[in-house]
Every structure is written in structure tokens, then in C-alpha cells.
Amino acid sequence: MAATTPKGALADIEKGKAAPAYYLYGEEPFKIDEFIEKATAAMFGASRDDDSVRNGADLTFCVDRIDGATATGNDVLEAVQSMGLFGGSGKRLVIVRQAHQLKEVDALADTLMGAGKDGPWGENVLLLAAETLDGRRKFHQWFKKKELALEFKPARDAELAQWVQYLAKKTGAKVSGEAAGMLAVISDGSLYRLAQEIEKAWLFAGGTKGLEITVDHVSGVGTSQVTHEMIELVRAVLEGKRTRGLLLSEKLIRAPEDALGLVGFLTWALKNPGRGFSPVVSGGLARTRQLVGALVTLDFRLKSSGVDANALVEEFVIEHT
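Residues numbered from 1 in each chain as written. Predicted model: local features only at pLDDT ≥ 70, side-chain atom pairs only at ≥ 80, totals over all residues. Heavy atoms only, no water.

K.L.:
Would you mind going over the overall build of the chain with me for this structure?
P.N.:
Scanning the chain from terminus to terminus reveals 15 helices and seven strands. Within the chain, the proportion of its 321 residues that are buried is 46%. The long-range share in the chain, meaning contacts at least 24 apart out of those at least 6 apart in sequence, stands at 72%. Taken as a whole, the chain presents about 15,900 Å² of accessible surface, with 50% of it coming from carbon and sulfur. (Helix = DSSP H or I, 4+ residues; strand = E, 2+ residues; numbered from the N terminus. Buried < 20%, exposed > 50% of the residue type's maximum accessible area, 1.4 Å probe, protein only. Contact = heavy atoms within 4.5 Å. Areas by Shrake-Rupley, 256 points an atom, 1.4 Å probe, with all protein chains shown as cover.)

K.L.:
I keep staring at helix 13 (residues 256-271) and nothing clicks. Help me out?
P.N.:
For an α-helix the count is 3.6 residues per turn, leaving residues at separations of three or four pointing the same way. For helix 13, with 16 residues, the first-to-last C-alpha span of 23 Å sits near the 22 Å given by 1.5 Å per residue. Looking at helix 13, one finds that the buried residues are Asp258, Ala259, Leu262, Val263, Phe265, Leu266, Trp268, Ala269 and Leu270. (Expected span 1.5 Å × (residues − 1).)

K.L.:
Looking at this structure, how should I read unusual backbone geometry?
P.N.:
With the exception of glycine, the majority of residues adopt a negative phi angle, and the majority of peptide bonds are in the trans configuration. Even without being a glycine, glutamine 98 presents a positive backbone phi close to 55°. With respect to the helices and strands, the residue glutamine 98 is situated in the loop between strand 3 (93-97) and helix 5 (106-113). For glutamine 98, a relative accessible area of 27% translates into the label partly exposed. In this structure, glutamate 104 is a non-glycine residue whose phi angle is positive, near 55°. Tracing the backbone shows glutamate 104 in the loop between strand 3 and helix 5. You can call glutamate 104 exposed: its relative accessible area is 53%.

K.L.:
Explain the sheet that holds strand 3 to me, please; I cannot follow it from the model alone.
P.N.:
Note: strands within a sheet are paired through backbone hydrogen bonds, in either parallel or antiparallel orientation. Strand order in the open sheet formed by five strands is 2-3-4-1-5, with parallel pairing between adjacent strands. Edge strands, defined here as strands with exactly one partner in the open sheet, are strand 2 (63-67) and strand 5 (149-151). Between one strand and the next, the sheet's axes are offset by a mean angle of 20°, whatever the strand orientation. In this sheet, strand 3 lies alongside strand 2 in parallel orientation, the contact comprising five bridges. Within strand 3, the residue paired with aspartate 64 across the bridge is valine 94. Helix-sheet contacts for helix 2 (residues 29-44) involve strand 1 (21-25), strand 2, strand 3, strand 4 (125-130) and strand 5, and the interaxial angle to strand 3 is about 170°. Each of strand 1, strand 4 and strand 5 is contacted by helix 6 (residues 138-145), which is oriented at about 100° to strand 1, the strand it contacts most. (Pairing = 2+ DSSP bridges. Axes fitted to C-alpha atoms, helices over the stretch in contact; angles between N-to-C directions.)

K.L.:
Whenever I open this one, a negative patch on the surface confuses me. Can you help?
P.N.:
On the surface, a cluster of negative charge is made up of Asp75, Glu78, Glu104, Asp106 and Asp110. Of all the elements in the fold, those that place two or more residues in the negative patch are helix 4 (73-80) and helix 5. Within the secondary structure layout, aspartate 106 lies in helix 5. A relative accessible area of 57% places aspartate 106 in the exposed class. (Patch = residues over 30% accessible without salt bridge, like charges linked within 9 Å, V, L, I, M, F, W, Y side chains within 5 Å. Salt bridge = Lys/Arg side-chain N within 4 Å of Asp/Glu carboxyl O. Lys, Arg positive; Asp, Glu negative; His and termini not counted. Charge placed at Lys NZ, Arg CZ, Asp CG, Glu CD.)

K.L.:
Hey, could you run me through the packing of aromatic side chains in this one?
P.N.:
When we look at a pair of aromatic rings, we describe it by the centre distance and by the angle of the planes. Applying the stated criterion across every chain yields a total of eight aromatic pairs. Between tyrosine 23 and phenylalanine 143 the ring centres are 5.6 Å apart and the planes differ by 45°, which places this aromatic pair in the tilted class. Within this pair, whereas tyrosine 23 is found in strand 1, its partner phenylalanine 143 is found in helix 6, the two being separated by 120 residues in sequence. Residues tyrosine 23 and phenylalanine 143 agree in their burial class; the two are buried. Clustering of aromatic rings is evident, with ring pairs tying together Tyr23, Tyr25, Phe139, Trp142 and Phe143. (Phe/Tyr/Trp six-rings, centres within 6.5 Å; stacked < 30°, edge-to-face > 60°.)

K.L.:
What am I meant to see in the packing of helix 12 (residues 242-252) against helix 15 (residues 309-320) here?
P.N.:
Two elements in contact, helix 12 and helix 15, have axes whose closest approach is 9 Å; the angle formed by their N-to-C orientations is 175°. The angle between the axes of helix 12 and helix 15 places the two elements in the roughly antiparallel class. For the pair helix 12 and helix 15, the contacting residues are Arg242, Gly245, Leu246, Ser249 and Glu250 in the first and Asn310, Val313, Glu314, Val317 and Ile318 in the second. Residue composition of the contact of helix 12 with helix 15, grouped by class: four nonpolar, three polar and three charged. (Parallel < 35°, antiparallel > 145°, perpendicular 65-115°, else oblique. Nonpolar A, V, L, I, M, F, W, Y, C, P; charged D, E, K, R; others polar.)

K.L.:
For this particular structure, what's the right way to read the pattern of salt bridges?
P.N.:
Two side chains bearing opposite charge may form a pair once their charged atoms approach each other closely. Applying the stated rule across the entire model yields 13 salt bridges. Of the charged contacts, one joins arginine 193 and glutamate 197 as a salt bridge, the two residues approaching to 4.0 Å between their closest N and O atoms. Taken together, the residues arginine 193 and glutamate 197, both in helix 9 (residues 191-205) and four residues apart, mark about one turn of the helix. When salt bridges with common partners are traced through the structure, they connect Glu34, Glu37 and Lys170 into a single cluster.

K.L.:
Looking at this structure, how should I read the confidence of the model for the chain?
P.N.:
When pLDDT drops low, the exact placement of atoms in the prediction is not to be read closely. Chain-level statistics for the chain give a pLDDT mean of 85 and a share of 88% at 70 or above. Between residues 52-57, whose pLDDT stays under 50, and residues either more than four places distant or in other chains, the model counts 14 contacts. (pLDDT = per-residue confidence, 0-100.)

K.L.:
Mind showing me how you'd approach the nonpolar core here?
P.N.:
Side chains that are nonpolar tend, in soluble globular proteins, to be buried together. The biggest cluster of nonpolar side chains holds 53 residues, and the ones touching the most others in it are Leu194, Ile213 and Phe316. Membership of the second largest hydrophobic core comes to 48 residues, among which are Ile32, Val76, Ala79 and Phe143. (Core = buried A, V, L, I, M, F, W, Y, C linked by side-chain atoms within 4.5 Å.)

K.L.:
Help me out: how do you make sense of the packing of helix 2 against helix 7 (residues 157-171) in this one?
P.N.:
When two helices pack together, their arrangement is given by the angle between their axes and by how far apart the axes lie. Interhelical geometry of helix 2 versus helix 7 gives an angle of 45° and a closest axis separation of 14 Å. With respect to each other, helix 2 and helix 7 are oriented oblique. Handedness of the crossing formed by helix 2 with helix 7: left-handed. Along the contact surface, helix 2 presents Phe30, Lys31, Glu34, Glu37 and Lys38, while helix 7 presents Glu159, Trp163, Tyr166, Leu167 and Lys170. Classifying every residue of the contact of helix 2 with helix 7 by side-chain character gives four nonpolar, no polar and six charged. (Left-handed = near helix turned anticlockwise from the far one by under 90°.)

In C-alpha cells:
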């Protein structure tokens, strides 16, 4: 069993060289779901876009789905040692959710850890999906040592922008640069929310293949108070236009949620200069660093001071434009 990453593990599965088991964990369950979907498609020769893979249809006899909160390690062992039926090659995939809650895992652990290089259950594959990995447990330590524990971290900044394009493509749409930036901000790091916002904007735009999602579509259905004018406020701050910034602040910032949305937009724009709606920052690197520090302070004051949100934002605009 070779050292691997999620990408490497999928490549091994696609080549028919999968390890007998993988432990999937981390703070981004959407990525875990994507991995499982792709692994299922790779094992059984279906397209990842095939509804039969997403919905589990036609895989009844070769895929087992087990809830670790109610099952035991013995249940999992019995499932993964079974032969797949009507699946062509006879391979079987066992997916255990909430695997960190599994009890009575000794027999499962001993069988897996004591097996030779060929594995304990032939071509069958076990995917243990969990919220966390407990380094104190011998079973979990084994996965770490064998480099079969795959961590899925939240998407950030540039990666989040890539996910916008990927998820839009799965929907059958394109996304304009400004809309991509807006989606990245309002998703607040959640890929599940990102996928929902893209789908809502796509349906709002007409729901046809190949259409382009624009800022109008995103703001038309967005759960956030993000608008063209909020983008203009971000631009005004970055370009140092005080009067424009104050006029827009007075109009747009009505509650702490509006102000925190602005903080999120500005932070994303500073980290992604020139991407989508984000212009180059007036004042260069020195002012960029100044703005980042000021946004940290503004975020803290919005959450703790009790001062009117509009007043805090106006103070920020006056001091930093």
C-alpha cells in the first residue's frame, strides 16, 4: 500500500490498485462526498455524472452503506467480506458514515491490520468516512502509518474559486468572473452552500445547459445582502474613493450582518487581487497590509463592541480611504 493523497487514492482506484480500506475525515464533508462519488464511479465503470452513481440506483448488490452510529465493527466486517452480486467483476464497496462512532471494532481492525499485501477481502474496498481521526486509537494510528488516512480540509481563496467553476460545470453552466467572486464570498467557505447558491442562480437564470451565471442571477437569489452596490462599495474602498464609499455605506450597511458581509468581501478581494470584481488596491502592498489589519479590528469590533454597525463601517471608510 503506497503513500497517498485523496487525488492519489482515486488514481489507484481507477487503475484497479485500490488499498483494501481508506479512512476519510476532515472539516469539509462535501469533499468527502465527492471522493466517495468518484470512487464509486471508478470501481463500477459508471460516469461520475450518471444519476445511478449519485442516487445509488443499480448498485444495490455491490455497494453497502452503513451508519457507524448504529452498526458495529462486526457488521462492517461481514459486509466487506461478502461477495458482490450482479456487479460484473463481483467487487464490493462498503461505505461507513460516522465511522468514528463505530463500536466493537477489534475484529475488523485485527483482520485489516493483520492481512498481507493482498488485503483481507480481495478486490473489495472499505471507505470509513468520519468527522475526526483519533490518534490515540490503534486502528486509527494504523491508517496514519500506512498513509491511508485522507484528510479533507475546507476550501480557501483560490481553491474556492476553482470549486465555483467545477460545480458550475457539473450543473452545465458557466460563471462570469464577477459572479464567481460573489459566490466565493457568500458561500463563507462552505462547499455545500456554494453548490446550493450555484444551483439556485442557474435555475433563476433559466436552468439551461451552457448559460452563463452573472452577478444579477446570484444577487437575485442570494441569501446574503450582496448586490452590485456592495461590489461598488468594495471597489470604492480598494481604490481609496472616500466620498463614494461613505455614500454607499450609508445606503447599504443597516445591520451587523451587512457589515460582516462587507468584511468578508473585502478580505476575499485583498487576497485575490484582479480576480473577478476585485481591482488592484490603490497604495500597493503597504496599503493592502494596512487594510488587512484594519479589517481584523473591524471584525472584532462588530462582534463585540455593541457600537452601531453603520458607524463602525463609516469610521473604517474615513480612516482607510
